[in-house]
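Remarks on the overall topology
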Amino acid sequence: MPANDFVVTPWEVTGEVDYEKLVERFGTQLIDDPLLERIRKHAGELHFMLRRGIFYSHRDLNWVLEEHEKGKEFVLYTGRGPSGNTHLGHLMPWIFTKYLQDSYDAKLLFQLTDDEKFLFNEGLSLEDTKRYAYENALDVIALGFDPKKTEIFLDTEYIASLYKTALRVAKRVTFSTAKAVFGFKNSANIGSIFFTSIQSVPAFLESQRQGREVPCLIPCAIDQDPHFRVTRDVASALGYPKPALIHCKFFPSLAGSDKMSASMAETSIFTTDAPDVAEEKIMNAFTGGRATVKEQREKGGKPLECSIYQYYYYVFEEDDGKVAELSRTCRKGEIMCGECKALLAERVKAFLVEHQRRREKAKDKLEEFMLRD
Ligand code: TYM
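Residues numbered from 1 in each chain as written. Predicted model: local features only at pLDDT ≥ 70, side-chain atom pairs only at ≥ 80, totals over all residues. Heavy atoms only, no water.

Right, let's get into the overall build of the protein chain. Along its length, the protein chain carries 18 helices and nine strands. By the compact-globule yardstick of 21 Å for 373 residues, the protein chain fits well, its C-alpha radius of gyration being 21 Å. Projecting the C-alpha coordinates of the protein chain onto the three principal axes gives extents of approximately 65 × 50 × 50 Å. Considering only contacts in the protein chain between residues 6 or more positions apart, those separated by 24 or more positions represent 78%. Here the protein chain has roughly 16800 Å² of accessible surface; of this, 50% comes from carbon and sulfur atoms. Side chains of the protein chain give 51 positive and 57 negative charges; the mean places of these two sets differ by 2 Å. (Helix = DSSP H or I, 4+ residues; strand = E, 2+ residues; numbered from the N terminus. Rg over C-alpha atoms; globule rule 2.2 N^0.38 Å. Contact = heavy atoms within 4.5 Å. Areas by Shrake-Rupley, 256 points an atom, 1.4 Å probe, with all protein chains shown as cover. Lys, Arg positive; Asp, Glu negative; His and termini not counted. Charge placed at Lys NZ, Arg CZ, Asp CG, Glu CD.)

Most of strand β6 (residues 107-112) sits out of view: five of its six residues are buried. In the sheet, strand β5 (residues 75-80) pairs with β6 via six bridges, with the strands oriented parallel. When the bridges of β6 are listed, Arg80 appears paired with Leu112. When β6 meets strand β7 (residues 150-154), the two strands line up parallel, connected through five bridges. Bridged to Leu112 within β7 is Leu154. (Buried < 20%, exposed > 50% of the residue type's maximum accessible area, 1.4 Å probe, protein only. Pairing = 2+ DSSP bridges.)

Moving on, we come to helix α18 (residues 337-369). Helical geometry note: an α-helix holds 3.6 residues per turn, so side chains three or four residues apart project in the same direction. The largest bend in α18 amounts to roughly 55° and is located at Lys363. Buried residues of α18: Cys340, Lys341, Leu344, Ala345, Val348, Lys349, Leu352, His355, Arg359, Ala362, Leu366 and Phe369, and no others. Contacts from the buried residues of α18 go to α5 (88-104), α7 (126-142), β7, α14 (275-283), α16 (307-316) and α17 (320-331). (Bend = angle between axes of the 7 residues up to and from the residue.)

When you tally the buried positions in strand β9 (residues 244-248), you get five out of five residues, the bulk of the element. Two strands pair when backbone bridges link them, and strand β4 (residues 55-59) and β9 are joined in this way by four bridges, in the antiparallel orientation. Paired with Arg59 across the two strands is Leu245, which belongs to β9. As judged from the five bridges shared by strand β8 (residues 216-221) and β9, these two strands associate in the parallel manner. Paired with Pro219 across the bridge in β9 is Ile246. As a crossover connection, the stretch from β8 through helix α13 (residues 225-238) into β9 is right-handed. (Right-handed = clockwise from strand over helix to strand, strands pointing away.)

Let us look at the environment of Arg40. Structurally, Arg40 can be placed in helix α2 (residues 33-43). As a C-alpha pair, Arg40 and Ile152 span 112 residues in sequence and 28 Å in three-dimensional space. In this structure, Arg40 is in contact with Glu45 and Leu46, ignoring residues within four places of it in sequence. Among the polar contacts made by the side chain of Arg40, one reaches the side chain of Glu37 at a distance of 2.7 Å. (Polar contact = N/O pair within 3.5 Å; in protein donor to acceptor, adjacent residues only side chain to side chain.)

Applying the stated rule across the entire model yields 33 salt bridges. One salt bridge in this structure joins Arg59 and Asp225, with 2.7 Å as the shortest N-O distance. With Arg59 in strand β4 and Asp225 in helix α13, this residue pair connects regions lying 166 residues apart in the sequence. The same class applies to Arg59 as to Asp225, namely buried. Residue Asp105 is joined to Lys149 by a salt bridge in which the shortest nitrogen-to-oxygen separation is 3.7 Å. Here the residue Asp105 occupies a position in the loop between α5 and β6, and Lys149 occupies one in the loop between α7 and β7, the gap between them amounting to 44 residues. Members of the salt-bridge network, linked through shared partners, are Lys107, Glu151, Glu206 and Arg209. (Salt bridge = Lys/Arg side-chain N within 4 Å of Asp/Glu carboxyl O.)

Our focus in this paragraph is the site of the ligand. Surveying the vicinity of the ligand reveals 25 residues, the closest of which are Arg80, Gly81, Glu116, Gln199 and Asp223. In this structure, Gly89 approaches the ligand through a main-chain N or O atom, which is 3.2 Å from a nitrogen atom. At a separation of 3.0 Å, a nitrogen atom of the ligand approaches a polar side-chain atom of Gln111. Coverage of the ligand by the protein chains reaches 98% of its 680 Å² of free accessible surface. Of all the secondary-structure elements, those providing two or more residues to the shell around the ligand are β5, α5, α6 (114-120) and β8. Taken together, the residues of the shell around the ligand sort by class into 10 nonpolar, nine polar and six charged. (Near = heavy atom within 4 Å. Nonpolar A, V, L, I, M, F, W, Y, C, P; charged D, E, K, R; others polar.)

Next comes the structure, spelled out in structure tokens:
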């Protein structure tokens, strides 16, 4: 891999991601202004993740919106691979999915791939991934999804309803396609090679249940797109519409690298972190600040390289004017890194306290959301 190159697959994100190049590589489309205007008309206002280009790429989004304009409902589908606790990066696409559910009054199918994380993680047992799945489900519920319009399921528990369609998908995907799309080596276990067929199924589920074509829109970070290329390739042969997608960029880690990742606990904030632990992680975060306060005041900071600024930008400051002002004061050396970190820590702590309270309450509501065979 050349020094400046990058890799994005559902299981690996390395190097400095060039998001525009990724759109070319994957063959997706950038979300343009007419598309944004269309969503704004439907939703009343644009979510800040759309205004800022955090959700920036799509497949067939125009089609789903056209169908919506004709009065046809669509279903949302997203998910989580339960390999551990939920971090703030995972929440990002779910917060956006909630906006879509509210704006379009859409049903949501939420898949917990406990099978996937068992197959792909040497150290995890099926009991571990099931336990994490239920933990992660609490985070989904805590975000306030409508229980009447949201169904959550674990693959290993809902498999009787998924398996036949998974087989139909699997029969149409060759080993060479799986290798080309996901980069599997000969050492990959055969369960992992089959797995993508399971992730395809929920895209077809609502059409199957209703016995007619129900468009499906999948919000996710762009790392999941390879799965759905496979899903889209087999859809028409199976008699279903191709699912549409809307992709986001990655919420960065506190180390300043591209993607918050659960395997780097010190530079990720988990929804289950005690507020003072989160604060400590923030106070230790990378800002790219100057060596001395004097130098910082003279030369200013570099917000685009700073993980703290990215936190405000991606999740913790919805007001565009305030984000612009923060960027300005940083570049002008008017705000020091320590102060900026402390302000963010207060916001993150308040968020965690409230989220953890809602998570506790979610325990009583779990069964309202769970979809079972
Ligand atoms: P998982 O558990 O890796 O991630 C869950 C969701 O979070 C997104 N994501 C991120 N988004 C922003 N910033 C980050 N740093 C970040 N890290 C992860 C992922 O793209 C995903 O949307 N196989 C899937 C589970 C799944 C799924 C789906 C995801 C099953 N069906 C349908 C999306 C759509 C997985 O392991 O996700």
